[in-house]
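Summary of the model geometry
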Number of protein chains: 6
Amino acid sequence: MSDNKTVLVVSAHAADFVWRAGGAIALHQEKGYDVTIVCLSYGERGESAKLWKQEGATLDQVKAARHAEAEAAAKALGAHDIQFMDAGDYPLELDRDKKNELVDIMRRVRPTFMLSHSLYDPYNTDHMYATKVTMECRMIAQAWGHNPGEQVLGAPQLYLFEPHQTEQMGWKPDVFLDITDVWDKKRAAIECMQGQEHLWQFYTNVAENRGNHFRRNSGGQAGGRNARYAEGFQSIYPRTVDEL
Amino acid sequence: MSDNKTVLVVSAHAADFVWRAGGAIALHQEKGYDVTIVCLSYGERGESAKLWKQEGATLDQVKAARHAEAEAAAKALGAHDIQFMDAGDYPLELDRDKKNELVDIMRRVRPTFMLSHSLYDPYNTDHMYATKVTMECRMIAQAWGHNPGEQVLGAPQLYLFEPHQTEQMGWKPDVFLDITDVWDKKRAAIECMQGQEHLWQFYTNVAENRGNHFRRNSGGQAGGRNARYAEGFQSIYPRTVDEL
Amino acid sequence: MSDNKTVLVVSAHAADFVWRAGGAIALHQEKGYDVTIVCLSYGERGESAKLWKQEGATLDQVKAARHAEAEAAAKALGAHDIQFMDAGDYPLELDRDKKNELVDIMRRVRPTFMLSHSLYDPYNTDHMYATKVTMECRMIAQAWGHNPGEQVLGAPQLYLFEPHQTEQMGWKPDVFLDITDVWDKKRAAIECMQGQEHLWQFYTNVAENRGNHFRRNSGGQAGGRNARYAEGFQSIYPRTVDEL
Amino acid sequence: MSDNKTVLVVSAHAADFVWRAGGAIALHQEKGYDVTIVCLSYGERGESAKLWKQEGATLDQVKAARHAEAEAAAKALGAHDIQFMDAGDYPLELDRDKKNELVDIMRRVRPTFMLSHSLYDPYNTDHMYATKVTMECRMIAQAWGHNPGEQVLGAPQLYLFEPHQTEQMGWKPDVFLDITDVWDKKRAAIECMQGQEHLWQFYTNVAENRGNHFRRNSGGQAGGRNARYAEGFQSIYPRTVDEL
Amino acid sequence: MSDNKTVLVVSAHAADFVWRAGGAIALHQEKGYDVTIVCLSYGERGESAKLWKQEGATLDQVKAARHAEAEAAAKALGAHDIQFMDAGDYPLELDRDKKNELVDIMRRVRPTFMLSHSLYDPYNTDHMYATKVTMECRMIAQAWGHNPGEQVLGAPQLYLFEPHQTEQMGWKPDVFLDITDVWDKKRAAIECMQGQEHLWQFYTNVAENRGNHFRRNSGGQAGGRNARYAEGFQSIYPRTVDEL
Amino acid sequence: MSDNKTVLVVSAHAADFVWRAGGAIALHQEKGYDVTIVCLSYGERGESAKLWKQEGATLDQVKAARHAEAEAAAKALGAHDIQFMDAGDYPLELDRDKKNELVDIMRRVRPTFMLSHSLYDPYNTDHMYATKVTMECRMIAQAWGHNPGEQVLGAPQLYLFEPHQTEQMGWKPDVFLDITDVWDKKRAAIECMQGQEHLWQFYTNVAENRGNHFRRNSGGQAGGRNARYAEGFQSIYPRTVDEL
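An account of the accompanying structure is given in this report. The structure displayed is predicted, hence computed values, not measured ones.

1. As for the relation of the copies chain C and chain D
With an RMSD of 0.0 Å, the operation that places chain C on chain D is a rotation of 180° combined with a shift of 0.0 Å along the axis. Overall, the copies show the geometry of a two-fold rotation axis. Closest approach to the rotation axis among the C-alpha atoms of chain C is made by D174 of chain C, whose C-alpha sits 4.7 Å away. A shared binding surface is used by both copies, with 100% of the interface residues of chain C retained as interface residues in chain D.

2. Considering the relation of the copies chain F and chain C
Least-squares fitting of chain F to chain C yields an RMSD of 0.0 Å, with the transformation described by 0.0 Å of translation along the axis and a rotation of 120°. This pairing of chains is accounted for by a three-fold axis. The rotation axis passes nearest to the C-alpha of Y120 of chain F in chain F, at a distance of 7.8 Å.

3. Examining the pattern of salt bridges
Here the structure, examined in full by the defined rule, presents 90 salt bridges over all chains. Notably, a salt bridge pairs R187 of chain B with E191 of chain B, separated by 2.7 Å at the nearest N-O pair. You can see R187 of chain B and its partner E191 of chain B sitting in helix α6 (residues 183-191), 4 residues apart, about one turn around the helix. Via salt bridges that share partners, E93 of chain A together with R96, K99 and E136 of chain C belong to a single interconnected network.

4. Examining the sheet that holds strand β2 (residues 34-39) of chain B
Spatial strand order, β8(A)-β6(B)-β7(B)-β5(B)-β4(B)-β1(B)-β2(B)-β3(B): 8 strands in an open sheet with mixed pairing. Because the sheet does not close on itself, it has two edges, and the strands there are β8 (239-241) of chain A together with β3 (81-84) of chain B. Taking each pair of neighbouring strands and ignoring which way they run, the sheet shows an average axis angle of 25°. Contacts from helix α3 (residues 59-77) of chain B reach β2 and β3 of chain B within the one sheet, and its direction differs from that of β3 of chain B by about 160°. Together, β8 of chain A together with β6 (175-178) and β7 (230-235) of chain B form the strand contacts of helix α7 (residues 200-217) of chain B, whose direction differs from that of β6 of chain B by roughly 110°.

5. A closer look at unusual backbone geometry
Put simply, Y90 of chain A and P91 of chain A share a cis peptide bond, and its omega is 10°. Inspection of the secondary structure puts P91 of chain A in the loop between β3 (81-84) and α4 (96-109). Look at Y90 of chain C: it is not a glycine, yet its phi comes out positive at around 45°. Here Y90 of chain C shows up in the loop between β3 (81-84) and α4 (96-109).

6. What about the interface of chain F and chain C?
Between chain F and chain C, the residue contacts involve 15 residues of the former and 16 residues of the latter. Taken together, both faces of the contact between chain F and chain C bury some 1400 Å²; the carbon and sulfur share is 64%. Residues E93 of chain C and R96 of chain F are paired through a salt bridge, measuring 2.9 Å at the closest nitrogen-oxygen approach. Viewed at the interface, chain C and chain F are joined by 5 residue pairs in polar contact (both at pLDDT 80 or more). For the side of chain F that touches chain C, the element with the most residues is helix α5 (residues 125-141) of chain F, which contributes 5 residues. In terms of residue class, the side of chain F that touches chain C is made up of 10 nonpolar, 2 polar and 3 charged.

7. Examining the arrangement of the chains
Chain B makes no contact with chain C; the smallest distance between any of their C-alpha atoms is 18 Å. Where chain D comes nearest to chain F, the C-alpha atoms are still 18 Å apart, and the two do not contact one another.

8. Some thoughts on the environment of W19 of chain F
All names here are of chain F. By the secondary structure assignment, W19 is in helix α1 (residues 16-30). Considering only alpha carbons, one finds W19 and M193, 174 residues apart in sequence, at a separation of 9.6 Å. Excluding residues that lie within four positions of it along the chain, W19 makes contacts with K186, I190, M193, Q196, L199, W200 and Y203. Side-chain polar atoms of W19 contact the backbone oxygen of A15, separated by 3.4 Å.

9. Structural notes on the state of the cysteines
For the structure shown, the criterion picks out 0 disulfides over all chains. A disulfide-free cysteine, C39 of chain A has its sulfur positioned 13 Å from the sulfur of C192 of chain A, the nearest such atom.

10. Comments concerning the interface of chain C and chain D
With 37 residues of chain C in contact, the opposing surface of chain D contributes 37 residues. Taken together, the two surfaces of chain C and chain D that pack against each other cover about 3100 Å², and 55% of this comes from carbon and sulfur. At the surface where chain C touches chain D, the tally comes to 4 salt bridges. For D242 of chain D, the salt bridge goes to R225 of chain C, with nearest N and O atoms at 2.7 Å. At the surface where chain C touches chain D, the tally comes to 16 residue pairs in polar contact (both at pLDDT 80 or more). At 4 residues, strand β6 (residues 175-178) of chain C tops the list of elements feeding residues into the side of chain C that touches chain D. Along the lines of polarity and charge, the residues of the side of chain C that touches chain D split into 21 nonpolar, 7 polar and 9 charged.

11. Here we look at the side chain of N124 of chain E
Looking at the secondary structure, you find N124 of chain E in the loop between β4 (113-116) and α5 (125-141). Reaching out from N124 of chain E, the side chain makes a polar contact with the side chain of E47 of chain E at a distance of 3.1 Å. A polar side-chain atom of N124 of chain E sits 2.9 Å from a polar atom in the side chain of Y90 of chain E. In this structure N124 of chain E touches M139 of chain D together with H13, E47 and Y90 of chain E, once residues within four positions along its chain are discounted.

12. Description of the packing of aromatic side chains
Under the criterion given, the structure shown has 48 aromatic pairs over all chains. Taking 4.9 Å as the distance between ring centres and 75° as the angle between the ring planes, the aromatic pair formed by F202 of chain D and Y203 of chain D counts as edge-to-face. Every member of this aromatic cluster is reached through a ring pair, and the members are Y33, F113, Y159 and F233 of chain A. Stacked on the ring of Y237 of chain B, the Lys or Arg R138 of chain B has its end atom at 3.8 Å from the ring centre. Here K53 of chain E stacks its cationic end above the ring of W144 of chain D, 4.7 Å away from the centre of that ring.

13. Observations concerning the packing of helix α1 (residues 16-30) of chain A against helix α3 (residues 59-77) of chain A
Residue and element names in this part refer to chain A. Relative orientation of the contacting elements α1 and α3 amounts to 35°, with a least axis distance of 9 Å. Contacts between α1 and α3 pair F17, V18, G22, I25, A26 and Q29 from the former with A70, A73, A74 and L77 from the latter. Considering only residue class, the contact of α1 with α3 consists of 8 nonpolar, 2 polar and no charged.

14. A word on the sheet that holds strand β1 (residues 6-11) of chain A
Judged by pairing direction, the sheet is mixed, and its 8 strands sit side by side in the order β3(A)-β2(A)-β1(A)-β4(A)-β5(A)-β7(A)-β6(A)-β8(B) without closing on themselves. Of all strands in the sheet, those bounded by a partner on one side alone are β3 of chain A together with β8 (239-241) of chain B. Recorded for the sheet is a direction-independent mean angle of 25° between the axes of neighbouring strands. Where strand β6 (residues 175-178) of chain A and strand β7 (residues 230-235) of chain A come together, 4 bridges link them in antiparallel fashion. Across the sheet, L177 of chain A pairs through a bridge with E231 of chain A, a residue of β7 of chain A. Here α1 of chain A sits on the sheet in contact with β1, β2 (34-39), β3, β4 (113-116), β5 (157-161), β6 and β7 of chain A, set at roughly 100° to β7 of chain A. Lying over the sheet, helix α5 (residues 125-141) of chain A contacts β1, β4 and β5 of chain A, oriented at roughly 155° with respect to β4 of chain A.

Conventions adopted
Residues numbered from 1 in each chain as written. Chains lettered and ligands numbered in written order. Predicted model: local features only at pLDDT ≥ 70, side-chain atom pairs only at ≥ 80, totals over all residues. Heavy atoms only, no water. Least-squares fit on C-alpha atoms with pLDDT ≥ 70 in both. Contact = heavy atoms within 4.5 Å. Salt bridge = Lys/Arg side-chain N within 4 Å of Asp/Glu carboxyl O. Helix = DSSP H or I, 4+ residues; strand = E, 2+ residues; numbered from the N terminus. Pairing = 2+ DSSP bridges. Axes fitted to C-alpha atoms, helices over the stretch in contact; angles between N-to-C directions. Buried area = accessible area lost by both parts, 1.4 Å probe. Polar contact = N/O pair within 3.5 Å; in protein donor to acceptor, adjacent residues only side chain to side chain. Nonpolar A, V, L, I, M, F, W, Y, C, P; charged D, E, K, R; others polar. Disulfide = S-S within 2.5 Å. Phe/Tyr/Trp six-rings, centres within 6.5 Å; stacked < 30°, edge-to-face > 60°. Lys NZ or Arg CZ within 6 Å of the ring centre and 35° of its normal.

Here's what the structure looks like:
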């Protein structure tokens, strides 16, 4: 394993990481982090309507198409690694073995921080389930008695990335990340999602408007940074700093 | 005005800044920031029981004693400047002129960040009033039409420092600051508060326990920083960053 | 299936739908909706104290009695259909097959809106579980890849009906329904619940007082509607309208 | 006064009603409502940076420019009436006479519903103040003993329109309004705001994305309405209905 | 002043204490407490619709009628004392002198606990204002420097009594008081409120249903106390006890 | 079974009851209650880092060491009984049989009140799981149809004891218990936890500072009780009382 700092993205379905954290992935990869993406499922049943409308579609075909799209998107973002757990979706459910697999990944990656979904989502219970599992597995990965002898996980921050209807999910961003420099990569990754073209413009709008929020919060017309695109995140744990 | 980065602390009463932000003040001053403390009142009526128990105490005497204590504490912390608005306490009320005075200070100091009280305090309505006024004055200081021609304020973060009963005030820290290196200064400042000796041990315990929280959140037994003393703060506005 | 608009009521135990949504059921049925009630359990273990106090009571007898009461109540309300899943209570737990059964019902009924319990209930974890399952099944019923070829569910509103101690459950009604015209039916359904006579007056009081709330919120003494009985509901999803 | 149904919009500053409720204004006016807009201030000090950057700008000039822009926008929306209270901004403060003036308007207009700002806004305390005053005046307008003999106000809903950073203000929309048919009018009104051109694209993005939320919540790919532009609102009071 | 324990009730309008705390008043008076009621206003403008509907009603007449009703109610409850501040209603506003008057009462009464309104009330801003003032005056009454030499107030609990629409006010009771033994007195006090007869049945229903909540929370069918009438209260401050 | 009043403590891991409720246990035992502690797990994997750092440590050894420590602590506190469910930790999971075992204990102990963890804990999902299970089992223990013929449980209060980072867990104490008289016992129990010596000072600080909170809330400098050590608890259910 290299000495690079690392990031772990836990995505309930194969496309979530693109819309919600594509900028953070591309940016940290450019900054020398190794970013690992774990797709718990392909979103094969619930987020592939366009594919299912094709005559004779089968589950395996849909999964394969989603796999290909997600890999292409990860490549467009320059992500270090992408893994697929294929745990099934709508509903997503990880048994103990799958959870242990995620614990293993956490210990192997040893992320500086992790990214996952909002705590609440009345539209999509898979999303909140993914975060619940991430919290549980973070705790297990920190346990000295889980696979004794392995190096235990530290205390990586868990950032919740932006859900589709922020206010309905009770999601409140406490940090905005300037992704202007990697916007082209994020847009390219977005365009890999052939099955969800109706979302391309939506998430471009989101990125532009978060850019406005970044400008305002960094000083506005009195010295704010001219970010054109940004992403927002909500932190679960307090930060520890040397300087405010 | 120097080119140093700056901090503005808005303290409802003369001693609040010591218990709640003494470490942050001393630390940032050491790091080259210029820290300005504004005491909106002396806490002369409501937080000076020991002085009032002295035979024949008068309001002016109590204010003078509190003024002296606060100046000594600011000096112990190495603070760049301390100012007293003498707006009265229990209740604290700023008229428009006093508010404009605070706006002027904000524009003059141009703080990188500000520090004040929790949003809610059912024990001490002065505390929440101070934060309410700070928010209002921050908004006015940003207005191009307030004293046109003056340089307007940017968008400084507002950190809420730790209240006396955190859970009752609905205060939740999202950042811990390691103040181990300046603990001696904070303790010295605390000991300037002769009238409130019953709080010395209390806030020493707080600093030690926040040190434990710092250690846990920076990695715990798997690489956490060995902070011995810390302070916690709650942010009002989202941060804007280049890296998570 | 007829062209009528439809409603689906998901009731954790056999009697919940009566106290909490009996008026809505009777009213919408009168307006031409077809209302389907699903009782996930009979409440046979936890909500049948009176029956268990009878010498020699058995689980089957209690279930049968509760089945009969609930059917009588549904009939009194004029409900289109009532179904019993018999999933067990205290605790209520649906396995994947039972959940799929509920998904099937959702797809078959295609409700304009659904009704279930509050999100939180520290007295009765079955209640909040029922709502959690309803949300999960709503999501699955919307998935194009679940039983491909079937017509998927749209986006029916989910209304939470009134729990027994509203404030303890964090339940807040955002809509009041005038049930004055069907009050006699609701009262008749209530009186079918022979095992819980101690609740008849309680829920009559609730209906009267919600009538007062209806009057106030529709204009009070300055033009409010003279509703004598009402029911309150909390919406999970935002409404979509042409006119405010 | 005509027999039309009416709407009252309470806007803290002269431009707020455009970005946040322009669609609702134009749409209800088209539907036969008479919409009255009250601008409590011009936003002359705090929301006119571009005007203040002009050499020699005076407060009167800025107010006049803002007045003209707001009137043009109201005309573009087809609003029945627009009134200016000129109560001053940054900070906005209404004395008892000004408040009584607002009470008089409420009684004269007798709105079916009212529109104002979010309950909380740490960036702009004028916004939350406007809503606080609206609530207080609504209460006074309902009092039989305030100007006895006048017709008292009923119980109009108070909708909170969308603030600039929804999550920071704790604003959660519970209703989406399809404004596709009047989008051209709203865009025209937006373009009247010459001093804030940097917000045109932002609020166009907002309208498009709220259109997506409308589509999803009205049924999505399974029958959702094809709204292209929408606005969101949060209700303060429960609705009273005959049918869910 | 006697050695009795004491209670202070702060009522925004002349009738509030009857509906919301009449049982607590009568019960504690019977137990040997001296209960003092302070009516900040008569509710003359906003809560006397019936009186204003009488031909030629004047403000003084309405106040006198309300004064008489409130005194009769206090007498029916056996209250030790009732005082009227006549500070005006809709809106209620206390200047510094009026607030000091309330501070004086607090110091004179030295209550074991106090009773006032909910923290939030979007229907009636007078209600939340009364609680805000009560909190501020409690703080001032505790200040050694306010009228030095007087005995300062301890730390009496502040209980919020039940508002008219509990869920809309975010009010959550954490204690239920059995008022069965004094119900007749409360009902008699209620019937003193000739101007608001439409509320008699409403608050009788409330008392009965809170009786049910009392029974449930004291043990239900497994040993619960057979309370027939109860009142609920929300505590602002934590209790201090010797035994849980 | 004796006629003593009883308490049931549900501790996720073997040491939790010591830090968080040791004072309450010792105090109520002294007052004549019989206190039963149930440790759902030993905390063998996740809270025994020091033991795992020993060469060749095995799971059984760690469990045995934790068992011994917990028994010694229970003895130091004078607890009536301590039981170990050995359900495993990190993650803690109780199957139906284990849950029924806990139901049986509840029915056998018939506690006046119960103690368990906070509702939310993003650091330690075992903690919130323990409380969730306690709520579910309390409900089952109240069901007349669960093991018909057995005496059902009443409605014991559930107090949540203090978590390690109160604000992050959203835990708010509403009652403080004076544990000054039993502090020596609690400290002795704390010192039984040889594996977690780094927490001894932390929880001594907590007890001292909660003592300050007790003093303040019981009257402060105007008659407050001179508690030197205290514990705080959050109640889930409302209390039922005869006197406020």
